[in-house]
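Remarks on the overall topology
This is what each chain is made of:
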Amino acid sequence: MNQSAISKANKALYTRIIAGIGGLLAGALSLGLSIYETRTGTEVAQVPPGKPVDAGQWMVILNSGSVATETPDGRHLPDGKKALTLDLTLENMTAESSNLYRDTLKLENLANPPAPQFYLVRDNDLLWDLQPMMPEKVKVVWQLPATQTLPKVLNVAIVGTTYKPKDNLYAAPGWFNPNDVARVGLPLSVGQGANP
Amino acid sequence: MIRLLLSLLLVGMTALLLAFLQSTTPSYAVLTGPIETSGPQKDTVSSKTFSVKVAKLLRAKTIAFTSYGKPVERQTEGAWLIVSVELQSKYDTMTIQAAAIEGASGRSYRQTHRADGAPRLLSSKDLQPGLPTTGIFIFELPEDETSNMALVLSRQPSPQLDSEIRVKLDGETVETRDRVEIGNNGV
Amino acid sequence: MASRRERRLWLASLLSLPFLLAGYYAINAWRNAEDYIKRNELRVSDNVGGQTYAKASWTLNQARVIGDGRDGKIAFPGQMRLVVVRLAARAEDDIGQSWAQCSLTLTDPIGRRWQPLNFILSKDLSRDLDPKATPIDSCDTISRQPPAKSANTLIEEKFVVPADAISSLSAQLSFASTRPEAISFPLRLN
């Protein structure tokens, strides 16, 4: 009786020790991974305007930026607003029509920009879906208060995503992990009649 | 010793069996995905809930129509494809909102929003059971995708356990024009 | 001995697993089934004069077929016909919210079901058919302001149906408070 009780107690002790070591290893691994992740990823390529940037789903070419008093579809802006307009060429690189371009551009040296509006230059109207393998000239407009000062050179970060054929939840294909792929410095030119 | 080896072997075999089961299970998207029916263009292709008969295929560089009283003209770098179809619902009042063309490369081109407001667009028309309804779908796609196309229709985009009809389009029957005027009586 | 009791307990827990799993699925399936029953019309009964349904008694006031030239001058192409159904309701009690999510559809013996035309189309058609009369409201509109106790009201809906279905149509009415039960009014149109 005594013998079996002692061996059982030993087994329990060994189990506890092994479980403890396993838990410590898991914790250490997770901590190491998070420290490693904060170390890399601070360098983003600086790209001149006019050069194509591969952002996974989209091929983005930023051409120029300006300030205007009208939206590209000819409508007047509400009083006290000016339109920061960027000229770009967007091409859908995925296998189906998509309108997921809204998070592709990030304004870096502008505080709290509102949500941008996308316009198709060919139609002078709002942009809906972009068809795959058909590049289009697009204008992106941020409506800012007229009194807001804008920097001389606007830093725009292009956000890219990577393709995963099977995601972790539904095993369905998708584009994940948005990260800054490139940064473009756009000198801002003042459009016609920008002074209110 | 033997017992340890045996248990390791058992664990290994179970792991293999589970891996095999996991890799051969259809994904969630396939299990809850569309119920497909395919057919050639010359037939009326029917699924359980609706049926499609493709009448005419038109390819053009420019389309023109009147939307809310204003004339609208749209041009494209690729080609416009206008598909005239006759749709019929079998049991329920429904709208076929999702229409796409699968091009020669396998890419999927959803119906264009640039032609919103054109007359006789089927994506906003109610289909009543027993009454065939004719109308058009308009697509924009690169020229080289038009060589081998399939029309994919369903009630909603990404149908879940709902019918999806795929009609294989015959490239020979596509009529090419430079400019198409879409009026209330068709193209 | 301790080990035998332990072993028995262990075996008992293992054997109970399939039952617990089955119980879990059964409970979930029961919830889904309850939801389905509440949302579909599963028991359809013919309307009997004097019977109270959703706190009111119902009669078929009028059923018109438009488009073949017999009623009015409007003619529709091909097999398309317009059916206008009017129901009269007398509130037997305070209706309150019991008329919420009204569903008035036309059905035929094959199992086809026609939904009413939308609000705007219906109003336009009312004006075309009878420019001078005030249009009668749809079920949705009336259900938001139901009649008071002992008051009467009319409900009208319009449907587009094929001509070959007209002779066998019935109107089926149900509300969120009464589903899965629905009442049916055979239209007896020729």
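Just so it is clear, the structure is predicted and the values come from calculations on it, not from any experiment.

About the criteria used
Residues numbered from 1 in each chain as written. Chains lettered and ligands numbered in written order. Predicted model: local features only at pLDDT ≥ 70, side-chain atom pairs only at ≥ 80, totals over all residues. Core = buried A, V, L, I, M, F, W, Y, C linked by C-beta atoms within 7 Å. Buried ≥ 20, exposed ≤ 12 C-beta atoms within 10 Å, placed from the backbone. Helix = DSSP H or I, 4+ residues; strand = E, 2+ residues; numbered from the N terminus. Contact = placed C-beta atoms within 7 Å. Nonpolar A, V, L, I, M, F, W, Y, C, P; charged D, E, K, R; others polar. Pairing = 2+ DSSP bridges. Axes fitted to C-alpha atoms, helices over the stretch in contact; angles between N-to-C directions. Domains from an automatic or database assignment.

Of all hydrophobic cores here, the largest spans 36 residues; its most connected members are B:Val52, B:Leu81, B:Val83, B:Ile101, B:Phe137, B:Ile138 and B:Leu151. Within the residue set of this core, elements represented by two or more residues are strand 3 (50-67), strand 4 (70-89), strand 5 (98-102), strand 7 (133-141), strand 8 (150-154) and strand 9 (163-168) of chain B. The greatest single-element share of this core, amounting to seven residues, is contributed by strand 3 of chain B. Residues in contact with B:Leu151, not counting those within four places in the same chain, are B:Val54, B:Val83, B:Ile101, B:Val167 and B:Leu169. Within the second largest apolar cluster, 34 residues are counted, among which are C:Leu104, C:Trp114, C:Ile166 and C:Phe175.

This paragraph deals with the interface of chain B and chain A. In this assembly, 17 residues from chain B lie in contact with 15 residues from chain A. Where the side of chain B that touches chain A is concerned, the elements lending two or more residues are helix 2 (28-31), strand 4, strand 6 (108-110) and strand 7 of chain B. Considered class by class, the residues forming the side of chain B that touches chain A number five nonpolar, six polar and six charged.

Bringing the interface of chain B and chain C into the picture now. On the chain C side, the residues contacting the seven residues of chain B number 11 residues. Here the side of chain B that touches chain C is composed, by residue class, of three nonpolar, three polar and one charged.

The next subject is the sheet that holds strand 9 of chain B. Residue and element names in this part refer to chain B. The five strands are arranged 1-9-8-5-6 in an open sheet whose pairing can be described as mixed. Each edge of the open sheet carries a strand with a single partner, namely strand 1 (35-40) and strand 6. Strand-to-strand, the axes of this sheet are offset by a mean angle of 25 degrees, without reference to chain direction. Sheet topology places strand 5 next to strand 6; three bridges connect them, and they run antiparallel. Bridge pairing in strand 6 links Ile101 to Tyr109.

A few words on the arrangement of the chains. Contact analysis covers two pairs of chains in contact, and the most contacts occur between chains A and B. The two units chain A and chain C never meet; even their closest C-alpha atoms stay 11 Å apart.

Split into domains, chain A comes out as domain 1 (1-40) and domain 2 (45-190). Placing a centre on the C-alpha atoms of domain 1 of chain A and another on those of domain 2 of chain A gives a separation of 50 Å.

Before going further, it helps to examine the pairing of strand 9 of chain B. All names here are of chain B. Looking at chain direction, strand 1 and strand 9 are connected through six bridges and run parallel. Pairing of Glu36 across the sheet is with Glu164, part of strand 9. In terms of strand pairing, strand 8 meets strand 9 through five bridges, oriented antiparallel. Within strand 9, the position partnered with Ser154 by the bridge is Glu164.

We now examine unusual backbone geometry. All names here are of chain C. Omega for the peptide link from Arg179 to Pro180 comes to 15 degrees, which places this bond in the cis form. One can find Pro180 in the loop between strand 8 (170-174) and strand 9 (181-186). Backbone geometry places Lys55, a non-glycine residue, at a positive phi of 60 degrees. Residue placement: Lys55 occurs in the loop between strand 2 (52-53) and strand 3 (56-66). A count of 19 C-beta atoms within 10 Å places Lys55 in the partly exposed class. Even without glycine at this site, Ser150 takes up a positive phi of about 70 degrees.

Our focus in this paragraph is the domain arrangement of chain C. For chain C, the assigned domains read domain 1 (1-39) and domain 2 (43-186). Distance from the C-alpha centre of domain 1 of chain C to the C-alpha centre of domain 2 of chain C: 48 Å.

Looking now at the pairing of strand 4 (residues 80-91) of chain C. For a regular strand, the rule is simple: side chains alternate between the two faces of the sheet. Residues and elements named next belong to chain C. One ladder, built from 10 bridges, connects strand 3 with strand 4; its direction is antiparallel. Within strand 4, the residue paired with Trp58 across the bridge is Ala89. Here 11 bridges tie strand 4 to strand 7 (residues 152-162), and the two strands are oriented antiparallel to one another. Among the inter-strand pairings, Arg90 is bridged to a residue of strand 7, identified as Asn152.

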